[in-house]
Number of protein chains: 2
Amino acid sequence: MTTDDPQLEFWFDFGSNYSYLATMRIEALAGAQGVRVLWKPFLLGPVFKAFGWTSSPFVLQKEKGAYVWRDMQRQCDRYGLPWTQPSTFPRRALLPLRVALLGANERWIGAFCQRVMHANFVDDREIDDPALVADILTDLGLDADALLTAAGAEQNKQAMRAQGEQAVRRGMFGAPMFFAGDEMFWGNDRLEDAIAWAAGHVAARIDLA
Amino acid sequence: MTTDDPQLEFWFDFGSNYSYLATMRIEALAGAQGVRVLWKPFLLGPVFKAFGWTSSPFVLQKEKGAYVWRDMQRQCDRYGLPWTQPSTFPRRALLPLRVALLGANERWIGAFCQRVMHANFVDDREIDDPALVADILTDLGLDADALLTAAGAEQNKQAMRAQGEQAVRRGMFGAPMFFAGDEMFWGNDRLEDAIAWAAGHVAARIDLA
């Protein structure tokens, strides 16, 4: 794909369970519609804090939390995805998010994100562990040491903070979020609609040409 | 359909915008799968109050609220449903809910609920107005005076309160909610899944027979 292809921004946090569903589904679905995915890792925690929440709504409201785990099992069954309810939720994911930000435009971004999500929501592992992130990068044939060093550099830390500030500024209140231009779609349930919107806007542009 | 048909409980409040979508869609979708709809009107306000919320989450959190109205427009476009953002939200709906509870097992329940929803989310009218409810009942060829009197009788008021208590006891935290047996599904986005679940349970029962 080229930069002229229609694009869809995919805002996600590795700690977010519905972001797991979207991460596993987005490349195949977007690719089928000729839509390019722009990976936008961000920290959801500070967004929640900006609303005065001390944790995920799924933790703060026990009825919704109980529902969400059942819903996740059913959704994973429906999509044919493996699923384990994480023993820690939401998991801290700053390090893999920084790596994802660093590699957002690299060819390995999709595979990396899928593996981190798998570690959290299938293997039930701590994804903020440098050894785990290094193993994933090495498995992908990448230079783990160099990438972890670059991910922790001041410039990338600042870029991560700027990403979160942009999320708040653009009205995000959860994850996953998708943007087709200015059009915001919330949740894995809207992934297909978001892709269709992104693809359709280009068709409209061509009609006008 | 008979009482042996698979059943799906549909819990809704006329003030709930996503309940509007489900109300307009459920009879055709459920009917196509041979699933009988059990209409379960309830007051969402006391459920929210039980969580310490003073209003709808769409009112309390302005970012989510802004998103929801845009989402509703897109969803209605997708389903081919008319839509007007209500000038009052969430609207008080105690009277029509009491009428719906009274008529939950009557043949007119679906048509009545669709008309009340239309009044709220298309005509932008106050749906707790006795004159409006009476007009809808009369249009359906029913005895409006008799039904409004029965709806306001102490027995029906108590039944309405019991309905809300059951909602809290069964872990509901929003609307619409669907139950296929004990399996709870939240939101218009899960309507198709809930119907499939309800239909599938019966198939399993037949296989075992």
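These figures come from a predicted structure and were not determined experimentally. (Residues numbered from 1 in each chain as written. Chains lettered and ligands numbered in written order. Predicted model: local features only at pLDDT ≥ 70, side-chain atom pairs only at ≥ 80, totals over all residues. Heavy atoms only, no water.)

Draft legend 1. Quick look at unusual backbone geometry. Each neighbour pair has its own omega, and for phenylalanine 89 of chain A with proline 90 of chain A the value is -10°, a cis peptide bond. Within the secondary structure, proline 90 of chain A is located in the loop between helix H4 (62-79) and helix H5 (94-102). Look at aspartate 124 of chain B: it is not a glycine, yet its phi comes out positive at around 55°. As for its placement among the helices and strands, aspartate 124 of chain B is situated in the loop between helix H6 (109-121) and helix H7 (130-139). We classify aspartate 124 of chain B as partly exposed; its relative accessible area is 25%. (Helix = DSSP H or I, 4+ residues; strand = E, 2+ residues; numbered from the N terminus. Buried < 20%, exposed > 50% of the residue type's maximum accessible area, 1.4 Å probe, protein only.)

Draft legend 2. Here's a closer look at the interface of chain A and chain B. On the chain B side, the residues contacting the 21 residues of chain A number 22 residues. Between chain A and chain B the total buried area reaches about 2,100 Å² when both faces are included, carbon and sulfur atoms providing 49% of it. Of all residues in chain A, Tyr67, Arg74 and Arg190 of chain A give up the largest surface area on contact with chain B, accounting jointly for 27% of the area buried on that side. Our count for the contact surface shared by chain A and chain B stands at ten salt bridges. Summed over the shared surface of chain A and chain B, the result is 16 residue pairs in polar contact (both at pLDDT 80 or more). When contributions to the side of chain A that touches chain B are tallied by element, the ones reaching two or more residues are H4, strand E4 (183-186) and helix H10 (191-208) of chain A. (Contact = heavy atoms within 4.5 Å. Buried area = accessible area lost by both parts, 1.4 Å probe. Salt bridge = Lys/Arg side-chain N within 4 Å of Asp/Glu carboxyl O. Polar contact = N/O pair within 3.5 Å; in protein donor to acceptor, adjacent residues only side chain to side chain.)

Draft legend 3. Focus on the sheet that holds E4 of chain A. Residue and element names in this part refer to chain A. A sheet is described by the order of its strands in space; here four strands give the open sequence E2-E1-E3-E4, paired in mixed fashion. Only two strands of the sheet have a single neighbouring strand rather than two, namely strand E2 (36-41) and E4. Ignoring which end each strand starts from, the neighbouring axes of this sheet average 25° apart. Pairing analysis gives four bridges linking strand E3 (residues 177-180) to E4, with the strands arranged antiparallel. Residue phenylalanine 178 lies in a different strand from E4, and its bridge partner there is phenylalanine 185. (Pairing = 2+ DSSP bridges. Axes fitted to C-alpha atoms, helices over the stretch in contact; angles between N-to-C directions.)

Draft legend 4. Structural context of the sheet that holds strand E4 (residues 183-186) of chain B. Residue and element names in this part refer to chain B. Strand order in this open sheet of four strands is E2-E1-E3-E4, and the pairing throughout is mixed. With one partner strand each, in any of the chains shown, strand E2 (36-41) and E4 form the two edges of the open sheet. When strand polarity is set aside, the average angle formed by the axes of neighbouring strands in this sheet is 25°.

Draft legend 5. Molecular detail of the UniProt feature "active site" (unreviewed entry) in chain A. Residue and element names in this part refer to chain A. Within this numbering scheme, the UniProt entry marks Ser16 as carrying the feature "active site" (unreviewed entry). Inspection of the secondary structure assignment puts serine 16 in the loop between strand E1 (7-12) and helix H1 (17-32). Judged by relative accessible area, which is 7%, serine 16 ranks as buried. Look past the residues within four positions of serine 16 in its chain and what remains in contact with it is Leu44, Met117, Phe121, Ala175 and Pro176. (UniProt positions renumbered as here; feature names shortened; annotations may be inferred.)

Draft legend 6. Seen up close, the relation of the copies chain A and chain B. If you rotate chain A by 180° and push it 0.0 Å along the axis, it lands on chain B with an RMSD of 0.0 Å. Interpreted geometrically, this transformation is the action of a two-fold axis. For chain A, the minimum C-alpha distance to the rotation axis belongs to aspartate 189 of chain A and amounts to 3.6 Å. Looking at the interface residues of chain A, 100% of them are also at the interface in chain B, so both copies use one shared face. (Least-squares fit on C-alpha atoms with pLDDT ≥ 70 in both.)

Draft legend 7. Broad picture of the side chain of glutamine 61 of chain A. Within the secondary structure, glutamine 61 of chain A sits in the loop between helix H3 (57-60) and H4. In this structure, glutamine 61 of chain A is in contact with Phe51, Trp53 and Phe173 of chain B, ignoring residues within four places of it in sequence.

Draft legend 8. Examining the side chain of arginine 25 of chain A more closely. Residue and element names in this part refer to chain A. One can find arginine 25 in helix H1. Its relative accessible area of 8% is what places arginine 25 among the buried residues. Every residue in contact with arginine 25, bar those within four places of it in the chain, is listed here: Tyr79, Asn188, Leu191 and Glu192.

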